[in-house]
Amino acid sequence: MREFGFFLLCLLRISRKGVQSNSWSVHVPSDVTGEVGKMVILPCTFTHPYKTFDRTLTAIWRIKEPYNGTVVFKCVSQSSSELCKTAVSYKNKYKLLGNPRHKDLSIRIDNLTWSDSERYFCRVELSGDIHDKYESRNGIKLHLIAAPRIINITVSSNGDRTFQARCTAEGEPVPALTWTGPPSTNLTSTTSMNHRVTKELRYLTQDGKYTCTAVNSHGRAEGAVYFYKFKASNSSFFLVLILVPLGIKVLILLVMVGFTFFSKGGHSCKTPPTRTLTADSAAARLCPQKEEHQDAAKDLGDLLPTRSHLLQTHLPPLVNMRLPPSDVQKVKQALQVHVFHL
């Protein structure tokens, strides 16, 4: 009887131990690979000892280390009829794909960057009389791949007047860089760090196009830079090419300004501002734009006898001017017009 009781006790312990070991579990892959700039899915499923659970459920994802790592995603479901509402989503790039009520905590990470290459840990918490928690211990390592991309290509000069071309590219695996261009014996040096690599082409002497090519197992990229070293004679030649057209333009501008000035000065004919009857004012009436006044003077010829004293006063200066008879007649007519305006 005692032996039978001992056997039952051992069986009970074994059964309890088995139920406890199978009640909680988390299933995740050890590694996942994603491509920079795209999205990736991190799968995570779990089991718990309850047939149904209608209380608060919390799903959590951490990075770097379990239990104390940085939380990048968290959602809470208050009941089985309620969806898991997002409480934390770092940079709004983490989205829940699975349904925690169906024991699925899988998430999606959008727009992958190099900083997303971390180890991820999923965790589930069930609240109740006993607050049950379970978290993956080993986590998921996210590996990133990327086709090559040229991120910088330049030519620079040192203090000793030597020139070098520098090309920097990134990718995963780290791409191999090669320089191609004019035939020469340039020295090269290569440095790399993480997913970036830089290759320098030293002591450039040949003019022309230099091309940098980056290649890895996911693709190929190229970038080019043009190098031309100016000589002293060439510099003078280019200076002449710039200054000669500029001088011609300035000379043409001066000629145009001078022509405009002298053309206006030679044809100007201004009417004196005063109304005094003098030989100058009479001569001014000879201007072409005043010919209409001469026609008006003919119609007013009968006014001349009443203004004879004015003509006698101003005719002697006209005689001294020794004007031809035809011009004197025109002056007289002009005087008649001016008298009309007095």
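Right above here is the structure, for reference.
Throughout what follows, the structure given in this document is the object of discussion. (Residues numbered from 1 in each chain as written. Predicted model: local features only at pLDDT ≥ 70, side-chain atom pairs only at ≥ 80, totals over all residues. Heavy atoms only, no water.)

1. Observations concerning the overall build of the protein chain
A count of helices and strands for the protein chain gives six helices and 18 strands. A total of 342 residues make up the protein chain; the buried ones form 32% of that total. Considering only residue pairs separated by 6 or more positions, the protein chain has 54% of its internal contacts joining residues 24 or more positions apart. (Helix = DSSP H or I, 4+ residues; strand = E, 2+ residues; numbered from the N terminus. Buried < 20%, exposed > 50% of the residue type's maximum accessible area, 1.4 Å probe, protein only. Contact = heavy atoms within 4.5 Å.)

2. Some thoughts on the state of the cysteines
Going through the model one piece at a time under the given rule, you end up with three disulfides. Between the sulfur atoms of C75 and its disulfide partner C84 the distance amounts to 2.1 Å. When the S-S torsion is 95°, as for the bridge of C75 with C84, the disulfide is right-handed. Here C75 falls in the buried class, since its relative accessible area comes to 0%. The class of C84 is buried, set by a relative accessible area of 16%. One disulfide bridge connects C167 with C212, the sulfur atoms lying 2.0 Å from each other. Given an S-S torsion of about -75°, the disulfide between C167 and C212 has left-handed geometry. Linking C167 in strand 13 (residues 163–172) with C212 in strand 17 (residues 208–216), this pair joins segments that are 45 residues apart in sequence. Owing to a relative accessible area of 0%, C167 belongs among the buried residues under this scheme. Classification of C212 by relative accessible area gives buried; the value is 0%. (Disulfide = S-S within 2.5 Å.)

3. Overview of the pairing of strand 17
Summarising the sheet, strand 14 (residues 176–180) and strand 17 pair through five bridges and their orientation is antiparallel. Considered in strand 17, the bridge of L177 is made with A214. Pairing between strand 17 and strand 18 (residues 219–227): nine bridges, direction antiparallel. Paired with V215 across the bridge in strand 18 is R220. (Pairing = 2+ DSSP bridges.)

4. As for the side chain of S25
By the secondary structure assignment, S25 is in strand 1 (residues 25–27). Note on S25: relative accessible area 17%, which makes it buried. Reaching out from S25, the side chain makes a polar contact with the side chain of H27 at a distance of 3.3 Å. Separated by 2.4 Å, the side chains of S25 and T47 make a polar contact. (Polar contact = N/O pair within 3.5 Å; in protein donor to acceptor, adjacent residues only side chain to side chain.)

5. Quick notes on the sheet that holds strand 17
Reading across the sheet, the three strands line up as 14-17-18 and stay open at both edges, with antiparallel pairing between neighbours. At either margin of the open sheet sits one strand with a lone partner, and together these are strand 14 and strand 18. With strand direction ignored, the average angle separating the axes of adjacent strands in the sheet is 20°. (Axes fitted to C-alpha atoms, helices over the stretch in contact; angles between N-to-C directions.)

6. Observations regarding the sheet that holds strand 3 (residues 40–42)
Taking strand neighbours across the sheet as the criterion, the three strands line up as 3-9-8 in an open arrangement whose pairing is antiparallel. Where the open sheet ends on each side, the last strands, each with one partner, are strand 3 and strand 8 (94–96). Each adjacent strand pair in this sheet contributes to an overall mean axis angle of 30°, direction not counted.

7. Describing the nonpolar core
By size, the foremost hydrophobic cluster in this structure holds 28 residues, and its most contacted members are L42, W61, L105, I109, Y120 and L142. Of all the elements in the fold, those that place two or more residues in this core are strand 3, strand 5 (57–63), strand 6 (70–77), strand 9 (107–109), strand 10 (119–126) and strand 12 (140–157). Not counting residues up to four positions away in its chain, the partners in contact with L142 are V32, T33, G34, V40, I109, L112, D116, S117, E118 and Y120. In terms of nonpolar packing, the next biggest core, distinct from the first, is built from 16 residues, C167, W179, A221 and V225 among them. (Core = buried A, V, L, I, M, F, W, Y, C linked by side-chain atoms within 4.5 Å.)

8. Quick word on unusual backbone geometry
Peptide bonds are trans in most cases, and residues, glycine excluded, mostly fall at negative phi. In this chain, E172 is followed by P173 through a cis amide linkage whose omega measures 0°. Structurally, P173 can be placed in the loop between strand 13 and strand 14. Look at N194: it is not a glycine, yet its phi comes out positive at around 55°. Take N194: it is sitting in the loop between strand 15 (188–193) and strand 16 (196–201). Owing to a relative accessible area of 65%, N194 belongs among the exposed residues under this scheme.

9. Considerations on a nonpolar patch on the surface
Taken together, the side chains of L243, L246, V250 and L254 define a hydrophobic patch exposed on the protein surface, amounting to about 390 Å² of accessible area. Within the fold, L254 resides in helix 2 (residues 232–266). (Patch = residues over 30% accessible without salt bridge, like charges linked within 9 Å, V, L, I, M, F, W, Y side chains within 5 Å. Areas by Shrake-Rupley, 256 points an atom, 1.4 Å probe, with all protein chains shown as cover. Salt bridge = Lys/Arg side-chain N within 4 Å of Asp/Glu carboxyl O.)

10. Quick look at the layout of surface pockets
In this structure, the largest pocket occupies an estimated 170 Å³ of space. Taken together, 13 residues form the lining of the largest pocket, with I63, Y90, Y94, S115 and D116 sitting closest to its centre. If one sorts the elements of the lining of the largest pocket by residue count, strand 6 sits on top with three residues. Looking at the lining of the largest pocket residue by residue, the class counts come to six nonpolar, three polar and four charged. (1 Å grid on protein atoms, 1.4 Å probe; cavity = no way out; pocket = protein on both sides within 12 Å on 5 of 7 lines; lining within 4 Å. Points joined across faces, edges and corners; volume = space filled by probe spheres on them. Nonpolar A, V, L, I, M, F, W, Y, C, P; charged D, E, K, R; others polar.)

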